[in-house]
Amino acid sequence: MRLQKYSGNPIIKPEDFPGSYAIFNPGQAVYDGKILLLVPICHKSGKYCGQENEITAHVATTEDGVNFNIKPEPFFVRDNTVPYSKVSMQCIDFRITQIEDTYYIIHPGCSDQWGTIGILSKTKDFKSLEHIDIISLPDNRMPCLFPEKINGKFVRLDRPYRVCPNDYHEMGNIWLSSSPDMIHWGGHRPLLQPFSYWATTKIGPTPPIKTEAGWLVIIHGVSRSATGHRYSIGAMLLDIDDPLKIIGLTCGDILSPEEPYEFNGIVPNVCFPAGSLAFPEKDEIRIYYGCSDTFIGLATGSLSELIQQCINEMPKKLK
Ligand code: BMA
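Before going into details, it helps to say that this report is about the structure given with it.

Cut-off values and rules
- For every chain, the first residue of the written sequence is number 1, and numbering continues from 1 onward in sequence order.
- Local features in a predicted model are, by the rule used here, given only for residues with pLDDT of at least 70; side-chain atom pairs are given and counted only at 80 or more, and totals for whole chains, interfaces and linings are based on all residues.
- The basis for every side-chain value is the complete set of heavy atoms in the structure, and neither hydrogens nor water enter the calculation.
- Accessible area is worked out with a 1.4 Å probe on protein chains only. A residue is then buried under 20% of its type maximum, exposed over 50%, and partly exposed in between.
- Strands are runs of DSSP state E lasting at least two residues, helices are runs of H or I lasting at least four, and both sets are numbered from the N terminus onward.
- When DSSP finds two or more bridges between two strands, those strands count as paired.
- Any carboxyl oxygen of Asp or Glu within 4 Å of a side-chain nitrogen of Lys or Arg constitutes a salt bridge here.
- As used here, the term nonpolar core means buried Ala, Val, Leu, Ile, Met, Phe, Trp, Tyr and Cys residues forming a set that is joined through side-chain atoms within 4.5 Å.
- By the convention used here, residues are in contact when the closest approach between their heavy atoms is within 4.5 Å.
- For this purpose, a residue is taken to be near a molecule or strand whenever a single non-hydrogen atom of the residue falls within 4 Å of it.
- Under this definition, polar contacts are N or O atom pairs within 3.5 Å; protein pairs additionally need one hydrogen-donor-capable and one acceptor-capable atom, and for neighbouring residues in sequence, both atoms have to be side-chain atoms.
- Every accessible area reported is derived by Shrake-Rupley at a probe size of 1.4 Å, with residue values counting cover from the shown protein chains alone.
- Charged residues are taken to be Asp, Glu, Lys and Arg, nonpolar residues to be Ala, Val, Leu, Ile, Met, Phe, Trp, Tyr, Cys and Pro, and polar residues to be all remaining types, Gly included.

### Some remarks on the pairing of strand β25 (residues 284–291)
Step number 1: The buried count for β25 comes to eight of eight residues, which makes it a mostly enclosed element.
Step number 2: Of the two faces of β25, the one lined by E284, R286, Y288 and G290 and the one lined by I285, I287, Y289 and C291 are each fully buried.
Step number 3: Strand direction decides the pairing type here: strand β23 (residues 271–273) and β25, joined by three bridges, are antiparallel. Paired with C271 across the two strands is C291, which belongs to β25.
Step number 4: Where strand β24 (residues 277–279) and β25 come together, three bridges link them in antiparallel fashion. Bridging across to β25, F279 finds its partner in E284.
Step number 5: Taken together, β24 and the strand that follows it, β25, pair antiparallel across an intervening segment of four residues, in which D283 is found at a positive phi of about 50 degrees.
Step number 6: Where β25 meets strand β26 (residues 295–302), eight bridges bridge the pair, whose relative direction is antiparallel. Note on β26: the bridge partner recorded for G290 is I296.
Step number 7: Remark: three residues form the turn of the hairpin made by β25 and β26, two consecutive strands paired antiparallel; S292 in that turn has positive phi of roughly 50 degrees.

Written out as structure tokens, the structure reads:
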């Protein structure tokens with residue numbers, strides 16, 4: 001199966017936020033019983049900190065899952081204070097994981113000289129945000145926390161990558177590591193490399209979702225063409241007690257660029273997920289995904305069918 005794109009897509013567009021020219025893929029969570037998006041908005045002028053092309057993060061809430069109310073004041077803006085003074089914090093690519101009543105948000109810090117690192121922040125109310133620390137060395141974009149400890153430790157999926165600027169070659173694999181306290185990480189192990197026609201140069205994770213069959217992880221995959229990168233979406237299933245064991249993987253993509261809003265934006269050919277939301281009682285998975293780095297789209301599907309598809313399509317060479 002492939003995910004169903006909502007007929008009213010894109011559900012969030014630059015016209016929805018005056019002064020913006022692009023909206024990026026959102027972090028996603030259920031807060032206070034309702035779907036909440038953390039939306040990166042690119043502004044035409046530096047309204048908040050005086051920089052051109054400024055991006056700020058805004059909370060968007062909804063009653064029906066498709067009509068969103070975006071808060072005009074940002075939830076957070078770029079912060080270049082110590083310990084981040086050598087890397088500039090980026091307000092994009094939020095990976096949100098709820099652990100008990102706290103929402104942990106991992107987002108990038110970046111500089112040409114120092115590379116891309118992961119910053120851990122947390123909130124309980126989506127009103128105030130506490131930055132905790134830098135938690136990954138360059139280049140790691142973006143680690144994703146599991147929603148509970150496994151065998152007594154916090155666990156995350158890492159996405160180290162290599163860039164060779166001369167031939168524009170990039171390689172991004174998924175690794176796994178663990179930590180006693182979310183700050184100090186170790187036990188690094190390789191998990192999955194690009195493995196299919198839609199994921200040939202890079203793959204990357206989103207925060208895992210606990211299901212009865214295992215940890216379901218929505219992933220993105222990148223393939224290259226003469227006109228640049230093409231970003232599609234797939235899924236994998238990891239063993240619940242030993243997440244280094246892949247027990248399912250969609251061989252084909254479950255969503256890829258096909259619609260005008262997925263081509264006609266500032267970065268064409270992009271369907272990018274930063275997370276997913278599962279509603280087992282409705283047998284539903286929902287993904288609010290970035291479209292051409294300019295709009296947000298919604299795609300949905302059957303949670304149980306997706307899990308079964310991961311199991312059925314698992315490539316023999318990975319078993
Ligand atoms: C990735 C991320 C995404 C973006 C994609 C395509 O590295 O930064 O936010 O959608 O590139 O530009």
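### Considerations on the pattern of salt bridges
Step number 1: Evaluated as defined, the whole model comprises eleven salt bridges.
Step number 2: We note a salt bridge from R2 to D253, for which the minimum N-O separation is 2.3 Å. Placement of the pair is R2 in the segment before β1 (4–5) and D253 in the loop between β22 (246–249) and α1 (260–263), with a sequence separation of 251 residues.
Step number 3: Overall, R2 belongs to the partly exposed group, its relative accessible area being 36%.
Step number 4: Taking the relative accessible area as the measure of exposure, D253 reaches 9% and is therefore buried.

### Thoughts on the nonpolar core
Step number 1: Formed by 21 residues in total, the largest nonpolar core has its most connected members in L216, I218, I233, I285 and Y289.
Step number 2: For this core, the secondary-structure elements that each account for two or more residues are β20 (214–225), β21 (228–238), β25, β26 and α2 (303–313).
Step number 3: Contacts of I233, omitting those with residues within four sequence positions, involve W198, I218, I219, D253, I254, L255, C271, P273, I287 and Y289.
Step number 4: If you look at the next biggest cluster of nonpolar residues, it comprises 20 residues, including F146, I203, I219 and L249.

### Some points on the sheet that holds strand β13 (residues 154–158)
Step number 1: Within the open sheet, the four strands sit side by side as β12-β13-β16-β17. Their pairing is antiparallel. This sheet does not close on itself; its edge strands, each paired only once, are β12 (144–145) and β17 (186–192).
Step number 2: By the bridge criterion, five bridges tie β13 to strand β16 (residues 174–179) in an arrangement that is antiparallel. What sits directly across from D158, in β16, is W175.

### Here's the deal with the site of the ligand
Step number 1: Neighbouring the ligand are F24, N25, D93, R141, Y231, V267, V270, F272 and D293.
Step number 2: Residue D93 places a side-chain N or O atom 2.6 Å away from an oxygen atom belonging to the ligand.
Step number 3: A distance of 2.5 Å separates an oxygen atom of the ligand from a polar side-chain atom of D293.
Step number 4: Protein contacts shield 82% of the accessible area of the ligand, which totals 310 Å² for the unbound molecule.
Step number 5: Class assignment of the residues belonging to the shell around the ligand gives a composition of five nonpolar, one polar and three charged.

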